[in-house]
Amino acid sequence: MKSIQSNIKKAEKHLNNNDCIAVPTETVYGLAGNAYSNVSVKKIFKIKKRPLNNPLIVHYYNLDQLKKDCELNENFLKLYKEFSPGPITYILKLKKNSKISKFVNNKKKTLAVRFPKHYLFRKLLKKLNYPLAAPSANISSRLSSVKASDVKDEFGVRIKFILDGGKSKIGLESTILNLLNKPSVLRYGGLDISKIEKILNKKLLIKTNTKKKISPGLFSLHYSPGVPLRNNVKLPYKDEAFVLIKKRNIHLKNYYYLSRINDLDQAAKNLYSTLRKIKKDGYKKIAVEKIPNIGLGKTINDRLNRASKY
Ligand code: AMP
Ligand code: MG
């Protein structure tokens, strides 16, 4: 308990000093900085090597905090009540008098916002009098980090503090919804979109592959393990690591299992750490068996398709 408090204090100190730190979330680890500070936000882009035109998600503790920066709408409030805090990001209209740094959203009139669920991140947000801009804690276009050691592997000494909150429960980034006009999905993520459709009582528009790149997280090469990857493979080549959705009775060195019993939530949680392990084990090529395209399987397939563009 004492160490939790002292770690939160350390985190707070770095953030008040306009530094960025890594924070645990239930989706993936974030690289966080004061969203009201140009200095902090510019540091995030620099450390991640992220193009300045790829806007950041801003993380809030509660609605009172959010109201200072964004206009709320009916669909948002319905979804917020049901799913936040949780793995869902909303695109909302930015208020004119908001203090959000213009570097966060590349001077757009909209803002991506989320209420993360991890208890440490919430404890931290509660103490601050500013929201945190926090993209995933990885070098741009690479795999996201799901534990503190991944963050270290990505950034080494360039990051001053990691708030260690164990392995991320969900293991995939948040689902992003544009709520400005007709609700549309910009990125598949950790919340199954059929659950969102149930609450809104309508089908969502799917804009995850739109040609107009309003969301550079949708660029075709993204979430890349850094080696070539093939999908829907029945039998791998000898030199490939083979990723399977469910455990088999075969014990081959190059077989990596995402779950024991074909469980897509578990597979989601293990996806990035498995791909990182494969790279560490020295494989130069990856083959993945067909993943069912339902529930979080849709998100897994989205990431694997983008990773295969390497
Ligand atoms: P990351 O923070 O790495 O999980 O990526 C955040 C994603 O949110 C990126 O794909 C951004 O392009 C997207 N995003 C952030 N702000 C906006 C916005 N105002 N409009 C559309 N997409 C956004
Ligand atoms: Mg990212």
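Just so it is clear, the structure is predicted and the values come from calculations on it, not from any experiment. (Residues numbered from 1 in each chain as written. Chains lettered and ligands numbered in written order. Predicted model: local features only at pLDDT ≥ 70, side-chain atom pairs only at ≥ 80, totals over all residues. Heavy atoms only, no water.)

Quick word on the overall build of the protein chain
Right, on to step 1. Counting its regular elements, the protein chain contains nine helices and 14 strands.
Right, on to step 2. Referenced to the eigenvectors of the C-alpha coordinate spread, the extents of the protein chain come out at roughly 60 × 45 × 35 Å.
Right, on to step 3. Taking all 310 residues of the protein chain together, 57% fall into the buried category.
Right, on to step 4. In the protein chain, 67% of the contacts between residues at least 6 apart in sequence involve partners at least 24 apart.
Right, on to step 5. Of the accessible surface of the protein chain, which amounts to about 15,200 Å², a share of 51% is contributed by carbon and sulfur atoms.
Right, on to step 6. Computing the positive centroid from 65 side-chain charges and the negative centroid from 22, the protein chain places the two 4 Å apart. (Helix = DSSP H or I, 4+ residues; strand = E, 2+ residues; numbered from the N terminus. Buried < 20%, exposed > 50% of the residue type's maximum accessible area, 1.4 Å probe, protein only. Contact = heavy atoms within 4.5 Å. Areas by Shrake-Rupley, 256 points an atom, 1.4 Å probe, with all protein chains shown as cover. Lys, Arg positive; Asp, Glu negative; His and termini not counted. Charge placed at Lys NZ, Arg CZ, Asp CG, Glu CD.)

Section: the packing of aromatic side chains
Right, on to step 1. What the rule picks out here adds up to seven aromatic pairs.
Right, on to step 2. Considering the side-chain rings of phenylalanine 76 and tyrosine 90, the 4.8 Å spacing of their centres and the 85° angle between planes classify their relative orientation as edge-to-face. Remark: tyrosine 90 occurs in strand β5 (residues 88-94) and phenylalanine 76 occurs in helix α4 (residues 74-83); sequence separation between them is 14 residues.
Right, on to step 3. A relative accessible area of 0% means that phenylalanine 76 is categorised as buried.
Right, on to step 4. On the basis of relative accessibility, which here comes to 0%, the residue tyrosine 90 falls in the buried class.
Right, on to step 5. Pairing phenylalanine 76 with phenylalanine 115 gives two aromatic rings, centres 6.5 Å apart and planes at 35°, and the pair type is tilted. Linking phenylalanine 76 in helix α4 with phenylalanine 115 in the loop between β6 (110-114) and α5 (119-127), this pair joins segments that are 39 residues apart in sequence. (Phe/Tyr/Trp six-rings, centres within 6.5 Å; stacked < 30°, edge-to-face > 60°.)

Some thoughts on the sheet that holds strand β12 (residues 241-244)
Two pairing modes exist for strands in a sheet, parallel and antiparallel, and in both the strands are linked by backbone hydrogen bonds.
Right, on to step 1. Taken together, four strands build an open sheet; the order of strands is β11-β14-β12-β13 and the sheet is parallel. Every other strand in the sheet has two partners, leaving β11 (229-230) and β13 (255-257) as the edge strands with one partner each.
Right, on to step 2. Sheet topology places β11 next to strand β14 (residues 286-288); two bridges connect them, and they run parallel. By the bridge assignment, arginine 230 is partnered in β14 with alanine 287. (Pairing = 2+ DSSP bridges.)

Observations regarding helix α2 (residues 38-48)
Right, on to step 1. If you check which residues of α2 are buried, you get Ser40, Val41, Ile44, Phe45, Ile47 and Lys48.
Right, on to step 2. Of the surrounding secondary structure, the elements contacted by the buried residues of α2 are β2 (30-34), β7 (132-133) and α6 (148-155).
Right, on to step 3. A positive backbone phi angle near 55° is found at lysine 49, which sits one or two residues after α2.

Some remarks on the pattern of salt bridges
Right, on to step 1. Per the stated rule, a full pass over the model turns up 17 salt bridges.
Right, on to step 2. A salt bridge links arginine 114 to glutamate 26; the nearest nitrogen and oxygen atoms lie 2.8 Å apart. Here arginine 114 is found in strand β6, whereas its partner glutamate 26 is found in the loop between β1 (21-23) and β2, with 88 residues between them in sequence. Neither arginine 114 nor glutamate 26 differs from the other in exposure class; each is buried.
Right, on to step 3. One network of salt bridges, with partners in common, ties together Lys147, Asp150, Glu154 and Arg276. (Salt bridge = Lys/Arg side-chain N within 4 Å of Asp/Glu carboxyl O.)

Focus on the nonpolar core
Right, on to step 1. Membership of the largest hydrophobic core comes to 63 residues, with the highest contact counts inside it found for Tyr90, Leu124 and Ile196.
Right, on to step 2. For tyrosine 90, the residues in contact, after removing those within four places along its chain, are Phe76, Leu79, Tyr80, Phe83, Ser84, Leu111, Ala112, Val113, Phe115, Leu177 and Leu179.
Right, on to step 3. Counting 27 residues, the second largest nonpolar core, distinct from the first, contains Val243, Leu271, Ile278 and Leu304. (Core = buried A, V, L, I, M, F, W, Y, C linked by side-chain atoms within 4.5 Å.)

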